[in-house]
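Below are the chains, spelled out letter by letter.
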Amino acid sequence: MLFPIIFKHEYSLKMEKEFKALAGFVETQKPEVEGHAGRPLTEDEVSLIRTVADGQASPQDLKKVESLLDERPSAITLMAKFLKESI
Amino acid sequence: MAEYEFDNGLGFKEDLLDGHEGALNHLLTEVRPFLENTMLKRCNEDRSRSRAREIAADVIADCFGRKTKRKAPNAETSEPSVEDGEDDGVLELDRRKLLNLYNGSGKFTGWIITVGLSRLATFWSSGEKKYLVPESNLPCEDGDGGNWLENLASASPIGGLDDVEEELVSILASAIDYGFDQAPALAVIYLRLAFLEGVPQNRIADAWAIHPANISRRMQTGMEVIREASIGYLSSVDPMLRIEWQDMLAVCSKHPQILAGEDPDDA
């Protein structure tokens, strides 16, 4: 059963390479949406992201955080920080 | 008839799709001549100018869908259309309207000019380019088997791009932007967390309380949508353009600062 695992790993690496190739463009083309630029995340927003990172979120929390992550790249960075902290 | 209020943005697009008479009139009497004249300024001989006029007309027509001749899946059993009279395929209206690709990120006139110039650049880069634009340094398909996109991918960004190359890159950037717009937002979030931020996929799965395989599947789907929508955008904008995904990736990875619209000399 080793072959499918290796294949899957290689596929994932290929996907990562492709996404990273586009990443520079995405990062610059999708800044904070209008009205959010320069505004730090509120305490409630940070708390919401923490709740999701801890795996304690309700479906409603997930919906809210998905919208936040979609609109604000800084929220993605914070989510990543929380997720890596708890490894 | 009351004068049409042209907003040069999404409002104009919506009016056109709704069949607003004033908007259609503005497209034909103002936008089309502007497009044609802008393209003609780039042409320095008769055949190129003639082609520019054809392209301007095609771009305007394609805004509402393009008539294409294609072999129907059941073409061998179906009767030829009375309308086209062809016996080797059917002529049908492509429902993909060029207008649908305009997302309002810039002025409508700027977008439609970019579309027109991209098609003109493809014409120049075809086999006829030596006769048409002998002084052009546009990367072109020739005996070495390359094409403009491959050449662009291998070119040094130092020294910048000429006007035509900039138009092509601008279309490429719009295509990728469109691809990301079409991908499910959650898939893009997972892709960013995993590949840009380096979060293990099983940690993402824990946070969303779903199986890691679902994360992986959504990411794959997201990438497929980005790829197909980007390629689809390019083929809709310029039907003559032959694009390989790997070439697009090569341009993106080698020239991100160009795609982002920055001055390459500052990189």
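This text goes with the structure placed above it.
Residues numbered from 1 in each chain as written. Chains lettered and ligands numbered in written order. Predicted model: local features only at pLDDT ≥ 70, side-chain atom pairs only at ≥ 80, totals over all residues. Heavy atoms only, no water.

> Any chance you could explain the overall build of chain B here in plain terms?
Within chain B, the secondary structure is distributed over 12 helices and 2 strands. When the helices and strands of chain B are listed from N to C terminus, the series reads α-α-α-β-β-α-α-α-α-α-α-α-α-α. Looking at the 267 residues of chain B, the share that counts as buried comes to 48%. Excluding contacts between residues fewer than 6 apart, the proportion of contacts in chain B whose partners are at least 24 apart in sequence is 66%. Entry remark: accessible area of chain B is about 13,300 Å², with carbon and sulfur atoms responsible for 47%. (Helix = DSSP H or I, 4+ residues; strand = E, 2+ residues; numbered from the N terminus. Buried < 20%, exposed > 50% of the residue type's maximum accessible area, 1.4 Å probe, protein only. Contact = heavy atoms within 4.5 Å. Areas by Shrake-Rupley, 256 points an atom, 1.4 Å probe, with all protein chains shown as cover.)

> Explain the pattern of salt bridges to me, please; I cannot follow it from the model alone.
Should the charged atoms of two oppositely charged side chains come close, the side chains can pair. With the rule as written, the count across this model stands at 12 salt bridges over all chains. Across the salt bridge formed by Arg-119 of chain B and Asp-62 of chain B, the nearest N and O atoms sit 2.9 Å from each other. You can see Arg-119 of chain B sitting in helix α4 (residues 108-124) and its partner Asp-62 of chain B sitting in helix α3 (residues 46-62), a full 57 residues away along the chain. For the pair Arg-119 of chain B and Asp-62 of chain B, one class covers both residues: buried. Overlapping salt bridges, with partners in common, bring together Lys-14 and Glu-18 of chain A together with Arg-227 of chain B in one network. (Salt bridge = Lys/Arg side-chain N within 4 Å of Asp/Glu carboxyl O.)

> Can you help me understand the packing of aromatic side chains in this one?
Any aromatic ring pair is given by two values, namely how distant the centres are and how the planes are angled relative to each other. In this structure the tally under the stated criterion is 10 aromatic pairs over all chains. Consider the rings of Phe-6 of chain B and Phe-12 of chain B, whose centres lie 4.7 Å apart with planes at 85°: the pair is edge-to-face. Residue classification places Phe-12 of chain B among the buried residues on the basis of a relative accessible area of 0%. A connected cluster of aromatic rings, assembled from ring pairs, spans Tyr-4, Phe-6, Phe-12, Tyr-102, Phe-108 and Trp-111 of chain B. Taking the ring centre of Phe-82 of chain A as reference, the NZ or CZ of Arg-50 of chain A above it sits at 3.9 Å. Here the guanidinium or amino end of Arg-51 of chain B rests over the ring plane of Phe-123 of chain B, the centre of that ring lying 5.6 Å away. (Phe/Tyr/Trp six-rings, centres within 6.5 Å; stacked < 30°, edge-to-face > 60°. Lys NZ or Arg CZ within 6 Å of the ring centre and 35° of its normal.)

> How should I be thinking about the interface of chain B and chain A in this particular structure?
One frequently used descriptor of interface size is the decrease in accessible area upon assembly of the parts. Every contact between the two is made by 38 residues of chain B and, on the other side, 34 residues of chain A. A buried area of about 3,200 Å², summed over both sides, lies between chain B and chain A, and 71% of it is on carbon and sulfur atoms. At the boundary of chain B with chain A, the tally comes to 1 salt bridge. Linking Glu-18 of chain A and Arg-227 of chain B is a salt bridge whose minimum nitrogen-to-oxygen distance equals 3.5 Å. (Buried area = accessible area lost by both parts, 1.4 Å probe.)

> What is the right way to read empty space enclosed by the protein from this model?
Taken as a whole and judged by the stated rule, the model has 4 cavities of 30 Å³ or more. In terms of lining residues, the second largest cavity is bounded by Tyr-11, Lys-14, Met-15 and Glu-18 of chain A together with Met-223 and Arg-227 of chain B. For the lining of the second largest cavity, the element with the highest residue contribution is helix α1 (residues 2-29) of chain A, accounting for 4 residues. Across the lining of the second largest cavity, the residue classes tally to 3 nonpolar, no polar and 3 charged. (1 Å grid on protein atoms, 1.4 Å probe; cavity = no way out; pocket = protein on both sides within 12 Å on 5 of 7 lines; lining within 4 Å. Points joined across faces, edges and corners; volume = space filled by probe spheres on them. Nonpolar A, V, L, I, M, F, W, Y, C, P; charged D, E, K, R; others polar.)

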